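# Examination of the molecular architecture
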Amino acid sequence: MARGRLLLGPVLALLATPALAQVRSVNVPAGTVEDVALELARQTGSSIVIADRELARRRIGPIRGSLSPAEAVQVLSRAAGARPVSAGRNGWRLVRLVPPPVARPAAPRLAARPAIADAPPPAAEPDLPIVVLGSKRDLTLRDYPGQVTRLAGADLTFGGVGGTERVAARVAAVSTTHLGSGRNKLFIRGIADSSFTGPTQSTVGQYLGDLRLSYNSPDPDLRLSDMSSVEVLEGPQGTLYGSGSLGGIVRLVPNAPDPGRTEGAITLGGSLTAHGAPGGDLGAVLNLPLVRDRLALRLVADGEQQGGYIDKPLAGRRDVNRTRIGSARGTLRLAVDPDWTVDLIGVVQATRGADSQYADRNGLPLTRSATVTEGYRADYDQAQVVVSGRIGDVRLRSSTGIAHQTLQERYDATPPGGPEQLFVQRNRTRMIANETRLWMPMGERTGWILGSSYTYNETRLRRELGPPDRLAPATGVSNRVSEFTLYGEGSLRIAEGLIGTLGGRLTTATISGEGEDVPLAIALARAAVTADRAERMFLPTVALTAQPIADTTLYLRYQEGFRPGGLAIDGDFVRRFRNDRMATFELGARHGRPGRGRFDLAASIAYADWNHIQADYIDSNGRPTTANVGDGQVWTFSLSGGFAPTDSLRIDAGVVYNHSRITQPNLYLGLASAGLAPITEIPNVAAWSARLGLDYQRELRSGLTLRAQGWARYVGQSRLGVGPELGALQGDYLDSGLTVRLGRAGSGLTLGATNLFDTRGNRFALGTPFTVGREQVTPLRPLTLRLGFDAAF
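Residues numbered from 1 in each chain as written. Predicted model: local features only at pLDDT ≥ 70, side-chain atom pairs only at ≥ 80, totals over all residues. Heavy atoms only, no water.

### Some thoughts on empty space enclosed by the protein
For the structure shown, the criterion picks out 16 cavities of 30 Å³ or more. Estimated volume of the largest cavity: approximately 170 Å³. The wall of the largest cavity is formed by 22 residues, among which S202, V204, S214, Y215 and S217 lie closest to the centre. Ranked by residue count, the leading element in the lining of the largest cavity is strand β13 (residues 204-208), at 4 residues. Tallied by class, residues from the lining of the largest cavity come to 6 nonpolar, 13 polar and 3 charged. (1 Å grid on protein atoms, 1.4 Å probe; cavity = no way out; pocket = protein on both sides within 12 Å on 5 of 7 lines; lining within 4 Å. Points joined across faces, edges and corners; volume = space filled by probe spheres on them. Helix = DSSP H or I, 4+ residues; strand = E, 2+ residues; numbered from the N terminus. Nonpolar A, V, L, I, M, F, W, Y, C, P; charged D, E, K, R; others polar.)

### So, the sheet that holds strand β6 (residues 82-86)
With mixed pairing, 3 strands are arranged side by side in an open sheet as β3-β7-β6. The two strands at the open ends of the sheet, each matched to only one other strand, are β3 (47-49) and β6. Averaged over all pairs of adjacent strands, the angle between strand axes in this sheet comes to 30°, irrespective of strand direction. The pairing of β3 with strand β7 (residues 91-96) spans 3 bridges and is classified as parallel. Paired with S47 across the bridge in β7 is G91. Most of the contacts of helix α4 (residues 69-80) go to β6, to which it runs at about 145°, and overall it touches β3, β6 and β7. (Pairing = 2+ DSSP bridges. Axes fitted to C-alpha atoms, helices over the stretch in contact; angles between N-to-C directions. Contact = heavy atoms within 4.5 Å.)

### Describing helix α2 (residues 33-44)
With 12 residues, α2 ought to run about 16 Å at 1.5 Å a step, and its terminal C-alpha atoms sit 16 Å apart, in line with that. Counted residue by residue, α2 has 9 buried out of 12 residues, so it is predominantly covered. Looking at α2, one finds that the buried residues are V33, E34, V36, A37, E39, L40, A41, Q43 and T44. Of the residues flanking the end of α2, it is G45, one or two places downstream, whose phi is positive at about 70°. (Expected span 1.5 Å × (residues − 1). Buried < 20%, exposed > 50% of the residue type's maximum accessible area, 1.4 Å probe, protein only.)

### Describing a nonpolar patch on the surface
On the surface, a cluster of nonpolar side chains totalling about 1100 Å² of accessible area is made up of L492, I494, L544, L556, L587, F599, L601, I605, W635, F637, L639 and F643. Here the nonpolar patch takes 4 residues from strand β37 (residues 630-643), the largest share from any one element. By secondary structure assignment, the location of I605 is in strand β34 (residues 596-611). Take I605: its relative accessible area is 39%, and that puts it in the partly exposed class. (Patch = residues over 30% accessible without salt bridge, like charges linked within 9 Å, V, L, I, M, F, W, Y side chains within 5 Å. Areas by Shrake-Rupley, 256 points an atom, 1.4 Å probe, with all protein chains shown as cover. Salt bridge = Lys/Arg side-chain N within 4 Å of Asp/Glu carboxyl O.)

### Brief notes about the layout of surface pockets
As a volume, the second largest pocket reaches approximately 820 Å³. If you go around the second largest pocket, you meet 34 residues; those closest to its centre are P129, D138, T140, D143 and M442. Elements with a minimum of two residues in the lining of the second largest pocket: β5 (63-67), α4, β9 (139-140), β30 (552-563) and β33 (580-593). Counting residues per element, the lining of the second largest pocket draws most heavily on α4, at 4 residues. Residues that form the lining of the second largest pocket fall into these classes: 13 nonpolar, 8 polar and 13 charged.

### Re the packing of aromatic side chains
Using the criterion set out here, one finds 7 aromatic pairs in the structure. Ring centres of Y207 and Y241 lie 4.9 Å apart, and the angle between their planes is 70°; this geometry places the pair in the edge-to-face category. Of this pair, Y207 sits in strand β13 while Y241 sits in helix α7 (residues 238-241); the two residues are 34 residues apart in sequence, bridging distant segments of the chain. What makes Y207 buried here is its relative accessible area of 5%. A relative accessible area of 2% means that Y241 is categorised as buried. Each ring, one from Y558 and one from F585, has its centre 4.8 Å from the other, and the planes form 50°; the classification is tilted. Of this pair, Y558 sits in strand β30 while F585 sits in strand β33, and the two are 27 residues apart along the sequence. For F585, a relative accessible area of 47% puts it in the partly exposed group. A network of ring pairs unites the aromatic residues Y411, F423 and F770 as a single cluster. For R368, the ring lying beneath its charged end belongs to Y358, and the centroid distance is 4.3 Å. Above the ring of W439, the side-chain terminus of R437 is found at 4.5 Å from the ring centroid. (Phe/Tyr/Trp six-rings, centres within 6.5 Å; stacked < 30°, edge-to-face > 60°. Lys NZ or Arg CZ within 6 Å of the ring centre and 35° of its normal.)

### Points about the pattern of salt bridges
Applying the stated rule across the entire model yields 47 salt bridges. Put simply, D343 and R333 hold a salt bridge, and the shortest N to O gap is 2.7 Å. With D343 in strand β21 (residues 340-353) and R333 in strand β20 (residues 323-337), the pair connects residues that are 10 residues apart, well separated along the chain. Residue class for D343 comes out buried when judged on its relative accessible area of 7%. The class for R333 is partly exposed, based on a relative accessible area of 25%. Where salt bridges share partners, they join E39, D226, R261, E263, R298 and R329 into one cluster.

### Some words on the pairing of strand β25 (residues 422-440)
Bridging between strand β24 (residues 394-412) and β25 involves 18 bridges; their strand directions are antiparallel. Of the residues in β25, the one forming a bridge with S398 is T436. Across 19 bridges, the pairing between β25 and strand β26 (residues 446-466) is antiparallel. When the bridges of β26 are listed, I432 appears paired with Y456. Linking β25 back to β26 in an antiparallel pair, the connection comprises 5 residues.

### Some details on the sheet that holds β13
Strand order in the open sheet made by the 5 strands is β10-β15-β16-β13-β14, with mixed pairing throughout. Looking at which strands have only one partner, the edges of the open sheet turn out to be β10 (148-152) and β14 (211-212). Pairing of β13 with strand β16 (residues 248-254), which is carried by 5 bridges, proceeds in the parallel orientation. The residue bridging G205 from the neighbouring strand is I249, located in β16.

### Re α4
In this model α4 runs 16 Å from its N-terminal to its C-terminal C-alpha over 12 residues, within 8% of the 16 Å that 1.5 Å per residue would give. Among the residues making up α4, those that are buried are P69, A72, V73, V75, L76, S77, A79 and A80. In the stretch just after α4, G81 is the one whose phi turns positive, near 75°.

### Thoughts on the nonpolar core
With 30 residues, the main nonpolar core has V167, V171, V232, V250 and L252 as its most contacted residues. At the level of secondary structure, the elements contributing two or more residues to this core comprise α6 (164-170), β12 (186-188), β13, β15 (227-234), β16, β21 and β23 (376-391). Broken down by element, this core gets its largest block of residues, 3 residues, from β15. Setting aside its immediate chain neighbours within four residues, V167 contacts L151, L156, L224, V230 and V232. (Core = buried A, V, L, I, M, F, W, Y, C linked by side-chain atoms within 4.5 Å.)

As structure tokens, this is what we get:
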């Protein structure tokens, strides 16, 4: 049987479809050279022949990265101790080097140990180039002038599927509000604006592939199941990504359909929350080839119920904040020919929160002295068409999509000692977007990108206020934005180990809108406020990257970003707020490769000058509104790294320090009075945040693999918002988690725990802006245990 299997590998590899010349996302688990070569040939569409029995039976580590077929074969050859011999177009034969190589220490976390005692030790994980997909032109990490974190999709779903909280737990520079899944705002590197989901565009751009998830809506908190990777790019990304990327971007990269194999996976879990109700989750992935090597469909579905843990004794209810999340994603890929593909992508997600998750600051733990049912519902859907290919050495990608997002929130507006009052806010958004770009990856001397994009976004914010059974309309607002952009960026290798980059983005935005539920006389009298207007922005970037020694990169970068203006509610009508703009200087250094080798380290220091900051505050009617609160500055220092003391254990850590302040407050708002300290601080920015993580993996003699991942994250103190009403302190807490899996590649059991020390803390000092005199906190979810099962075929 062993001999038949040995011969089967080369035969199947020879039958593989000719490889696409473009770079492929490769993800091959550890195994014998024969098994790895067979899977690598399938994923790259190449032919790999191994006639040497001893070579074929060697064990090597996994191969992962964005590689062309030729690069993938070179990586395989180095790991196996062989040399590739060309065997026609996209075909290679591996020949064993003599003498056999001495195995080097395997890359921790991803390396596999031999399952039997006399098996040869595995070779190290290959020396793969790490490609930053968020660069939009396939820059390697070595050449990329910026701070970037790449998270493997498998790590984000280890122990069950989650959402954006998995990213925040692994990246110290990422923070979020905590109103609930589907209604939070993301922040990166201390660039934060406000706590509410108002008309302002987010400071963080969120992308699924090449298209943004939304324009000025909250984080939809998509389930991160079946992702190839998630990239976090820190700092303004205005040249390549345009408006709404002041703090950085989060880019989701889903796994693509595989036309060569039917495969699937399921996950199932149940959870128990201390002081709360139980929960559960279920997920499934299915890959179906419809026409072999030409057409494939990949489907993903997830469902989760998170048990509640907040009690409302005055209403006689316990564990009121139960949350249900259901999501699905489908991708259909057609390989038109070896160089061109067409993808159809659809995503839907629905989130239902039975009640809010905040508690009274000075009351009993995990309780709220209210009777009004708050709660929320959030719905999101997006459809994309993506055409990818190449013309000679130039690559092309065109992505077109439409997205809808709806968020309905209920806030308790009951005055002290008064009758029940309810405030309901409905935010509906529709976005149409296209981006088309041509690029040439960095070669011996140059690399470049040219692109254009168009985005149309329409948001309608409506409000109601009154007794729960007799709500009356309150002033709302509609905003419409059309953006057309041309952008480009190029790099030149000035000398050996020195690269210069220059780029720019020209954007023209047309802005319009009107008040909702406004008396006609007021609307006519103030028609000039809602008249259409146009804004034009040019966002330059300049960078210098140097590699003074092996595996070490130094970079200096200047980058700008902006957000367009809009209309905000102002009493019985609306008023304008103008665009804000940021310019950032950053100096950074990297050594080693994150997640590979024994040691890696990255550090950066950045200064951001932020003009006309858009933020929320409480108006004279006691309701949240938006304005330009002034000019500010943000200094950020970050340090992160990893260390592998043994082949089985890897430790990583990160720390971020932010110093932010509003240097020139907007006196017109009347918030800069003496003694009101919050006006000098940019809201939701913790001075310190830090994390520590560990990853342990060991193959046991029984053929089982034991893997454990643990983390701890500290979030420092910050203020809720601008002005005295939103000056409450929050943060200064420690969160933690640990997950252990025992099983094989095809199935396993997991046991996980979050908030190991059952910390209460205060993640967010807002539940409702209307309860004057009742201070609020948002505690961490109490200690939660999850038992899960996963299987793949």
